[in-house]
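Residues per chain, in single letters:
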There are 2 protein chains.
Amino acid sequence: MKKDNLKTLKGFRDFLPQAALAREEVFRKIRTVFQKYGFLPLETPVLEYKEILTDKYGSEGEKLLYQFKDRGEREVAMRYDLTVPLARVIAQYQNELAMPFKRYQIAPVWRADNTQKGRYREFYQCDVDVVGSSSIIADAEVIACLAESLKSLGISELVVRVNNRKLLNAILKGSGIPKNKTVDAIRIIDKLEKIGEEKVREELALLGINTKQREDLFAILNSGFEDAKDIETKLQDYEGAGELAELVEILLEWGIKDYRVDLTLARGLDYYTGTIFEFILPDAAEFGSIAAGGRYDMLIGMFADKDIPAVGGSIGVDRLIAALEELELIKADLISDVLVCNLEEELEEKYLEIIKQMRDAGLKTDFYYEPAKLDKQLKYADKKNINFAVIIGADEAKNNAATVKNLLTGKQTTVKQTELAAKIRKI
Amino acid sequence: MKKDNLKTLKGFRDFLPQAALAREEVFRKIRTVFQKYGFLPLETPVLEYKEILTDKYGSEGEKLLYQFKDRGEREVAMRYDLTVPLARVIAQYQNELAMPFKRYQIAPVWRADNTQKGRYREFYQCDVDVVGSSSIIADAEVIACLAESLKSLGISELVVRVNNRKLLNAILKGSGIPKNKTVDAIRIIDKLEKIGEEKVREELALLGINTKQREDLFAILNSGFEDAKDIETKLQDYEGAGELAELVEILLEWGIKDYRVDLTLARGLDYYTGTIFEFILPDAAEFGSIAAGGRYDMLIGMFADKDIPAVGGSIGVDRLIAALEELELIKADLISDVLVCNLEEELEEKYLEIIKQMRDAGLKTDFYYEPAKLDKQLKYADKKNINFAVIIGADEAKNNAATVKNLLTGKQTTVKQTELAAKIRKI
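Caption draft 1: Structural detail: the interface of chain A and chain B. Contacts between the two partners involve 99 residues from chain A and, on the opposite side, 99 residues from chain B. For the pair chain A and chain B, the summed buried surface comes to about 9,200 Å²; carbon and sulfur atoms form 58% of the total. Three residues, A:Glu43, A:Arg359 and A:Tyr369, lead the burial of chain A against chain B; their summed loss comes to 9% of the area buried on that side. Two residues, A:Arg88 and B:Asp14, come together in a salt bridge whose shortest N-O distance is 2.8 Å.

Caption draft 2: Seen up close, a negative patch on the surface. Taken together, A:Glu226, A:Asp227, A:Glu232, A:Glu246, A:Glu249 and B:Glu349 make up a surface patch of like negative charges. With respect to the element layout, A:Glu232 can be found in helix H10 (residues 228-234). Look at A:Glu232 and you get partly exposed, because its relative accessible area is 42%.

Caption draft 3: Quick peek at the pattern of salt bridges. Throughout the structure, instances matching the rule amount to 69 salt bridges over all chains. Of the charged contacts in the structure, one is a salt bridge between A:Lys212 and A:Asp216, with a shortest N-O distance of 2.5 Å. Here A:Lys212 pairs with A:Asp216, and both are found in helix H9 (residues 211-221), just four residues apart, close to one helical turn. A:Asp216 sits in the partly exposed class, given a relative accessible area of 28%. Of the charged contacts in the structure, one is a salt bridge between B:Lys63 and B:Glu60, with a shortest N-O distance of 3.1 Å. By relative accessible area, B:Glu60 is classed as exposed at 55%. Taken together, the shared-partner salt bridges connect A:Lys102, A:Glu141, B:Arg359, B:Asp366 and B:Lys384 into one network.

Caption draft 4: Layout of the relation of the copies chain A and chain B. The two copies are related by a screw motion: chain A maps onto chain B through a turn of 180° and a shift of 0.0 Å along the axis, at an RMSD of 0.1 Å. Here the transformation between the copies is reduced to the relation of a two-fold axis. For chain A, the smallest separation between a C-alpha atom and the rotation axis is recorded for A:Phe68, amounting to 3.2 Å. Taken as a fraction of all interface residues of chain A, those also at the interface in chain B reach 100%, which identifies the copy contact as same-surface.

Caption draft 5: View of the packing of helix H8 (residues 192-206) of chain B against helix H9 (residues 211-221) of chain B. Residue and element names in this part refer to chain B. Running from N to C, H8 and H9 cross one another at 150°; their axes reach a closest spacing of 9 Å. With respect to their mutual orientation, H8 and H9 come out roughly antiparallel. The interaxial crossing formed by H8 with H9 has right-handed handedness. Contacts from Leu192, Glu197, Val200, Arg201, Leu204 and Ala205 of H8 reach H9 at Arg214, Glu215, Leu217 and Phe218.

Caption draft 6: The arrangement of the environment of B:Gly312 in detail. All names here are of chain B. Tracing the sequence through the fold places Gly312 in strand E11 (residues 310-316). As for Gly312 and Arg103, which are separated by 209 residues in sequence, their C-alpha atoms are 9.5 Å apart. Filtering out sequence-adjacent residues up to four positions away, Gly312 remains in contact with Val128, Asp129, Val142, Phe277, Gly293, Gly294 and Tyr296.

Caption draft 7: The pairing of strand E5 (residues 101-110) of chain B, seen in detail. All names here are of chain B. Summarising burial for E5: ten of the ten residues are buried, a large majority. Pairing of strand E1 (residues 40-41) with E5, which is carried by two bridges, proceeds in the parallel orientation. When the sheet's bridge partners are listed, Pro41 is paired in E5 with Tyr104.

Caption draft 8: Spatial organisation of the environment of A:Glu48. With respect to the helices and strands, the residue A:Glu48 is situated in strand E2 (residues 47-49). Judged by relative accessible area, which is 1%, A:Glu48 ranks as buried. Considered as a pair, A:Glu48 and A:Ala77 are 29 residues apart in the sequence and their alpha carbons are 5.6 Å apart. Those residues in contact with A:Glu48, other than ones at most four positions away along the chain, are A:Leu53, A:Glu75, A:Val76, A:Ala77, A:Pro85, A:Arg88, B:Lys7 and B:Leu9. A polar contact of 2.8 Å, which involves the side chain of A:Glu48, links it to the side chain of A:Arg88.

Caption draft 9: Spotlight on H8(B). Residue and element names in this part refer to chain B. Here H8 contains 15 residues, and its C-alpha end-to-end distance of 16 Å is more than 12% below the 21 Å for a straight helix at 1.5 Å per residue. At Glu198, H8 shows its largest kink, close to 75°. Burial in H8 covers these residues: Leu192, Val200, Arg201 and Leu204. Just downstream of H8 lies Gly208, where phi reads positive at about 95°.

Caption draft 10: Here's a closer look at the packing of aromatic side chains. Under the defined criterion, the tally for this structure stands at 21 aromatic pairs over all chains. Between A:Phe27 and A:Tyr124 the ring centres are 5.2 Å apart and the planes differ by 25°, which places this aromatic pair in the stacked class. Residue A:Phe27 is found in helix H1 (residues 17-36), and its partner A:Tyr124 is found in strand E6 (residues 122-131); the two are separated by 97 residues along the sequence. Each ring, one from B:Tyr368 and one from B:Tyr380, has its centre 5.4 Å from the other, and the planes form 85°; the classification is edge-to-face. You can see B:Tyr368 sitting in the loop between strand E13 (365-367) and helix H14 (374-383) and its partner B:Tyr380 sitting in helix H14, a full twelve residues away along the chain. For B:Tyr368, a relative accessible area of 9% gives the class buried. Grouped by ring-pair contacts, the aromatic residues A:Tyr271, A:Tyr272 and A:Tyr296 constitute a single cluster. Over the ring of A:Phe39 we find A:Lys102, and its NZ or CZ is 5.0 Å from the ring centre. The cationic tip of B:Arg111 hangs over the ring face of B:Tyr80; the distance from NZ or CZ to the ring centre is 4.0 Å.

Conventions adopted
Residues numbered from 1 in each chain as written. Chains lettered and ligands numbered in written order. Predicted model: local features only at pLDDT ≥ 70, side-chain atom pairs only at ≥ 80, totals over all residues. Heavy atoms only, no water. Contact = heavy atoms within 4.5 Å. Buried area = accessible area lost by both parts, 1.4 Å probe. Salt bridge = Lys/Arg side-chain N within 4 Å of Asp/Glu carboxyl O. Patch = residues over 30% accessible without salt bridge, like charges linked within 9 Å, V, L, I, M, F, W, Y side chains within 5 Å. Areas by Shrake-Rupley, 256 points an atom, 1.4 Å probe, with all protein chains shown as cover. Lys, Arg positive; Asp, Glu negative; His and termini not counted. Charge placed at Lys NZ, Arg CZ, Asp CG, Glu CD. Helix = DSSP H or I, 4+ residues; strand = E, 2+ residues; numbered from the N terminus. Buried < 20%, exposed > 50% of the residue type's maximum accessible area, 1.4 Å probe, protein only. Least-squares fit on C-alpha atoms with pLDDT ≥ 70 in both. Axes fitted to C-alpha atoms, helices over the stretch in contact; angles between N-to-C directions. Parallel < 35°, antiparallel > 145°, perpendicular 65-115°, else oblique. Left-handed = near helix turned anticlockwise from the far one by under 90°. Pairing = 2+ DSSP bridges. Polar contact = N/O pair within 3.5 Å; in protein donor to acceptor, adjacent residues only side chain to side chain. Expected span 1.5 Å × (residues − 1). Bend = angle between axes of the 7 residues up to and from the residue. Phe/Tyr/Trp six-rings, centres within 6.5 Å; stacked < 30°, edge-to-face > 60°. Lys NZ or Arg CZ within 6 Å of the ring centre and 35° of its normal.

Limitation: the analysis is restricted to geometry and does not speak to function.
What follows is the structure, encoded as structure tokens:
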């Protein structure tokens, strides 16, 4: 096979051990928090019947589906997100599932999108959803769960912007913007952070929204609020204000003070029906929203024969990991604890015994299979980020001793072979 | 969407929470052991250029590839196993990787095979491999690592059958079987467990192997051995006997006594070049080999510009999980610790406070979002396999107390609200 042909497809990636280990560790921590909040895993297939996925993502989204005919001439498509498979599962197993159904799924999805920095064709999504409850407590729980997940990764500063789609719709209506322009107006407002208020006003004008309407709209959108009561007082004329106030109250109850009510938060997706939110990291704001979500009470109904309310959120794994690297929260982790060096062929039995002792003590232990110069072995240990080298040459062997070298500090100590694992555990 | 269309493709599966949780737990335990043995994760894409995967699996295997043209008219195929992507990675990143390269990968693969009981089109493989060493210690390490992985899941009885392909080839040669019939003869011997010695002899006869040759062959194949020394003595005329003896010696050194030297073990795959092995569970023998592998020193060379020795093994996740269920090592696990019941609307704030207390203490905590009859809530807890219900009604609230009901035993106790998490932790 020619060397040139040894490559992955554009937008697809290999994760070599160091990166893969960091990702596994991130997923493990997130999973632990998800379970603490009562969410349980769900696994769905990578391939679905194509008709399950079509007419769900809009015409732009649908163009990005990886789809083909399988050998049995079935029209199939690769998973595009984790929400539509969830909706299928809810509809398909309605009678078996305990409702409300709280699930998480951490899995790759595929989109034949244009690739650019940070955008891939194969990437992971990491979703939590509560299906089958209209309670605002569920909305707050999704937000609290995501906040704690992010904090469990070492992120100290985060802000969650919160808003409510019902409220945003009511405000647009209150400013005299006709109903048939609401969706377009929301898409324009969604670009506020990207293009600025001036441009947004211009685009709204092009939509036929007059000066007076724009003034009224921004007067409200730019309001600030002291607390939940303040939201209810200032926005009492608008539907959805009560929901937003309740959300804020529960978040405070749970000790989440880093929320920011932001009436300009719109979130692009059409299907949101209530609470919407997004997380940003003030210390790594350039990565944009790291996690986001909202309530979508009408989507599951596309599969089930009735409407089923739902709320969920999703962590953008690639952005998150890029941000963690930026914040130095993912370090070049030590990936094994110990390398047992191999210096003398006749000591092989001794080395095998020491390796067993290490592993029995739970230490991540590597062995240099062939006898070789110590230098070469220490280079291998360095390349693999191994913390300790255990060195037993002829001299040490005579005395049932071993030299332990801390490869980070360079410090060496000599210990009894029988105490090796215990000593290394303590260093 | 019509109810009839709500289904997964044939050979593809959903894993609902209970099953998904059990699988996650199995993977977590296996991963922990893999890391202890110095193996590190590798992730490769689901889609590869088709030419990476073609001409690697034989004509029968190749028919099972999921392949298609993507929107950019590239010929692509879905991952068929984890070994060929590993070989690509080794060749592609030769200069970056610390060699020997020890990796594990636990990931789904796809084969458009006929479905039958226990055979799926989407299924997980779970592989460990050492690339870049010819040392028999690496062979032993793979076996030891798989043995400990299986034991970490609660399996107490397991047997690993070991053999060596060089040795088997030498024995075939020694019996006078011509070299051009070796591969066919190995395929026939591989069926020994399935069809019995009588049938194997018949098939060998059809291959043109005469009575004398068959007698000689089985005289050796059926030998038993006391220990490593015995292997070397009895088989001293055959190439590969030394490797097998060394393997046995190292396994014993590492306390693995449950090996069985079995010269009839052939393993179907053509690419093995030395050690071969397979694990069976005597208490669940009907599941066949749960894990297997061997040395394959020529495969990586198909990608790299030189031969690179390698040895690896793979756990059959679906068989393993079926066997664990059979052995009652996967129980209907408790999937959350606590349900905080919701009885009085005006106590919502209290419930939220209790939930926070539980989660801060690390308990997996669920809440019934809407006030409802206790009965209904306990049914929900039962369906979700929740261990404890925390019940605070008007009476308890007055006394800052809570009733804790153990849903497994039915036992109830009343405790101070402030001590709830600590008490539940202790029960």
